[in-house]
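Structural characterization, general
Take a look at the letters that make up each chain.
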Amino acid sequence: MEGLRVKTVGTGHSFTAIAATDGLLVRPDLLTGIRRIDRSAMTVTVESGTPLKRLNEALAREGLSLTNMGDIMEQTVAGAISTGTHGTGRESASIAAQIRELELVTADGRVMSCSVKENPEVFAAARVGLGALGVVSAVTFAVEPLFLLTAREEPMTFDRVTAEFDALYAENEHYEFYWFPHTGNCNTKRNNRSAGPAAPPGRLSGWFEDEFLSNGVFQVANSFGRALPAAVPVIAKVSSRALSARTYTDIPYKVFTSPRRVRFVEMEYAVPREAAVTALRELKAMVDRSPLRVSFPVEVRTAPADDITLSTASGRDTAYIAVHMYRGTPYRAYFTAAERILTAHGGRPHWGKVHTRDAAYLAEVYPRFGEFTALRDRLDPDRTFGNPYLRRVLGD
């Protein structure tokens, strides 16, 4: 076993080969559960292989919650933070930004505790460590008393969404929207804290919106579009009008997350928030004038600047623009054209999603890139945790 490269894999949610290895692949399936809850410090320490779904459910039973979440919770804790998983928020940032302490097993076998006070330079980097610095074995998150969110979902035109982007962002704690290519239609979602009472979607109406329309009918529409690309613009116009406005109130993870059963391939770039509208308009113009047929909506979210070395929101207020294609549909032409637009705005690719960037490019868009690679040289000089993906994005 000596001399083998080592990688830890979570649920395999990433679209990149970030966890691939020709050496020893570690699955943390048994490294799960909550170690301790500290109600005076308002933190929870959790084993790194714990799925986010189980963590959220356990916290809710204890009357606690994370401040923010992404829209999927199938990933493990370590997998989510290591790739920079995020939701959307005006003040509240990614899952990694909610970490207060982190336990890291380094290449020489040490178990290193990292926080603002202890090994702070490692803490700054390892919260989004790409699996390059060691194996994350436990994570301590800041938590808060369980609260309620009211979600307001509403169709809105592309022109209105882009014209009012700054106002919609400023007025809501969590704002996001989806634009349907080949149309001028968007669906918006605004989540804000609520005094209650809880009013979750009704069982029948929730099933109709979230399962029947957003998954069942959408699956059929995408399958039809894959078989007959010329029909995609018409399908998009119908799909973009299928969802109606609705409002509901529930505990956070039930509002932040949603079932995603239609399989796709995704590329996402983080651009400076002030560049979001320009980049999105350029993306729409590109799709409108091209022969591309895109059946999946484009997702737009935001995050405040954080202090994590290779976080996609490191040092700047950020907007995320994510493009998708239905699984099995050729995606390279669309992604290449979108990537050209987003990189022109200094875009940073999501570490777990499709992109073609390398270390030379990333060193230009991450001011602290050299800080991360120098730390990697110190913690893993022999590249025990290396693989071809890390060689491309971090260099040798």
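For the structure itself, look to the data block above.
Conventions used here
- Residues numbered from 1 in each chain as written.
- Predicted model: local features only at pLDDT ≥ 70, side-chain atom pairs only at ≥ 80, totals over all residues.
- Heavy atoms only, no water.
- Helix = DSSP H or I, 4+ residues; strand = E, 2+ residues; numbered from the N terminus.
- Rg over C-alpha atoms; globule rule 2.2 N^0.38 Å.
- Buried < 20%, exposed > 50% of the residue type's maximum accessible area, 1.4 Å probe, protein only.
- Contact = heavy atoms within 4.5 Å.
- Lys, Arg positive; Asp, Glu negative; His and termini not counted.
- Charge placed at Lys NZ, Arg CZ, Asp CG, Glu CD.
- Pairing = 2+ DSSP bridges.
- Axes fitted to C-alpha atoms, helices over the stretch in contact; angles between N-to-C directions.
- Phe/Tyr/Trp six-rings, centres within 6.5 Å; stacked < 30°, edge-to-face > 60°.
- Lys NZ or Arg CZ within 6 Å of the ring centre and 35° of its normal.
- Salt bridge = Lys/Arg side-chain N within 4 Å of Asp/Glu carboxyl O.
- Core = buried A, V, L, I, M, F, W, Y, C linked by side-chain atoms within 4.5 Å.
- Polar contact = N/O pair within 3.5 Å; in protein donor to acceptor, adjacent residues only side chain to side chain.
- Patch = residues over 30% accessible without salt bridge, like charges linked within 9 Å, V, L, I, M, F, W, Y side chains within 5 Å.
- Areas by Shrake-Rupley, 256 points an atom, 1.4 Å probe, with all protein chains shown as cover.
- Arc of directions from axis to C-beta.

Helix and strand content of the protein chain: 13 helices and 17 strands. Taking 21 Å as the expected radius of gyration for a compact globule of 396 residues, we find that the protein chain reaches 21 Å, a close match to that expectation. Overall, the protein chain is about 60 × 50 × 35 Å in size when its C-alpha atoms are taken along their principal axes. Looking at the protein chain as a whole, 58% of its 396 residues are labelled buried. When contacts within the protein chain are restricted to residue pairs at least 6 apart in sequence, those whose partners lie at least 24 apart make up 73%. Here the protein chain holds 47 positive side-chain charges and 45 negative ones, and the gap between their average locations is 4 Å.

A word on the sheet that holds strand β8 (residues 135-142). Reading across the sheet, the 5 strands line up as β3-β4-β8-β6-β7 and stay open at both edges, with antiparallel pairing between neighbours. Each edge of the sheet is formed by a strand with only one pairing partner; in this case those strands are β3 (34-38) and β7 (111-114). Recorded for the sheet is a direction-independent mean angle of 15° between the axes of neighbouring strands. Here 6 bridges tie strand β6 (residues 99-105) to β8, and the two strands are oriented antiparallel to one another. Counted as the bridge partner of valine 105 is valine 135 from β8.

Moving on, we get to the packing of aromatic side chains. Applying the stated criterion to the full structure yields 8 aromatic pairs. Relative to phenylalanine 177, the ring of tyrosine 175 has its centre 5.9 Å away and its plane inclined at 40°; by these criteria the two rings are tilted. With relative accessibility at 2%, the residue tyrosine 175 sits in the buried group. Assessed through its relative accessible area of 1%, phenylalanine 177 is described here as buried. An aromatic cluster of at least three residues, connected via ring pairs, comprises Phe15, Phe264 and Phe296. Directly above the ring of phenylalanine 123 sits arginine 127, whose terminal nitrogen or CZ lies 4.1 Å from the centroid. If you follow arginine 348 out to its NZ or CZ, it ends over the ring of tyrosine 366, 4.6 Å from the centre.

This part is about the sheet that holds strand β11 (residues 174-179). On the basis of which strands lie adjacent, the open sheet formed by 8 strands has the order β13-β10-β12-β11-β15-β16-β14-β17 and antiparallel pairing. On the outer flanks of this sheet lie β13 (246-250) and β17 (348-349), each paired with one strand and no other.

Moving on, we get to the environment of arginine 54. With respect to the secondary-structure elements, arginine 54 resides in helix α1 (residues 52-61). As for arginine 54 and aspartate 288, which are separated by 234 residues in sequence, their C-alpha atoms are 42 Å apart.

Considering all chains together, one arrives at 25 salt bridges under this definition. Taking the shortest distance from any N to any O, the salt bridge between arginine 27 and aspartate 29 comes out at 3.7 Å. Owing to a relative accessible area of 52%, arginine 27 belongs among the exposed residues under this scheme. Using a relative accessible area of 47% as the deciding quantity, one classes aspartate 29 as partly exposed. In the salt-bridge network here, residues are joined through shared partners; they are Asp71, Glu266, Glu268, Glu299, Arg301 and Lys353.

For the rest of this paragraph, the subject is the nonpolar core. Membership of the largest hydrophobic core comes to 59 residues, with the highest contact counts inside it found for Ile81, Phe141, Trp351 and Leu394. Discounting residues that sit within four places of it in the chain, isoleucine 81 has contacts with Ile95, Ala96, Ile99, Leu102, Arg127, Val128, Val136, Val139 and Phe141. Counting residues in hydrophobic clusters, the runner-up holds 35 residues, among them Met156, Met286, Val294 and Ala338.

Let's shift gears to the side chain of glutamate 103. The topology assignment puts glutamate 103 in strand β6. Judged by relative accessible area, glutamate 103 falls into the buried class, the value being 18%. Here the side chain of glutamate 103 touches arginine 35 through a polar contact of 3.0 Å, side chain to side chain. A distance of 2.6 Å separates a polar atom in the side chain of glutamate 103 from a polar atom in the side chain of serine 137. Beyond its immediate sequence surroundings of up to four residues, glutamate 103 is in contact with Arg35, Val111, Met112, Val135, Val136, Ser137 and Ala138.

Okay, a nonpolar patch on the surface next. Together, Leu4, Leu24 and Val26 give the surface a local cluster of nonpolar side chains, amounting to about 190 Å² of exposed area. Mapped onto the fold, valine 26 is located in strand β2 (residues 24-26).

On to the environment of valine 46. Along the chain, the position of valine 46 falls in strand β4 (residues 43-47). Spatially, the C-alpha atoms of valine 46 and valine 354 are 29 Å apart, while their sequence positions differ by 308 residues. When residues no more than four places from it in sequence are discounted, the contact partners of valine 46 are Gly33, Ile34, Arg35, Leu55, Val77, Ala138, Val139 and Phe141.

Here we take up the pairing of β13. Taken across its 5 residues, β13 has 4 buried, putting it largely inside the fold. Sheet topology places strand β10 (residues 148-157) next to β13; 5 bridges connect them, and they run antiparallel. Within the sheet, the bridge partner assigned to leucine 149 lies in β13 and is aspartate 250.

So, on to helix α12 (residues 369-379). Those residues of α12 that fall on the buried side of the exposure criterion are Phe369, Phe372, Thr373, Leu375, Arg376 and Leu379. Along the axis of α12, the buried positions cluster into a sector of 160°, meaning they face one direction only. Here the buried face of α12 lies against β6, β7, α3 (120-126), α11 (359-365) and α13 (388-394).

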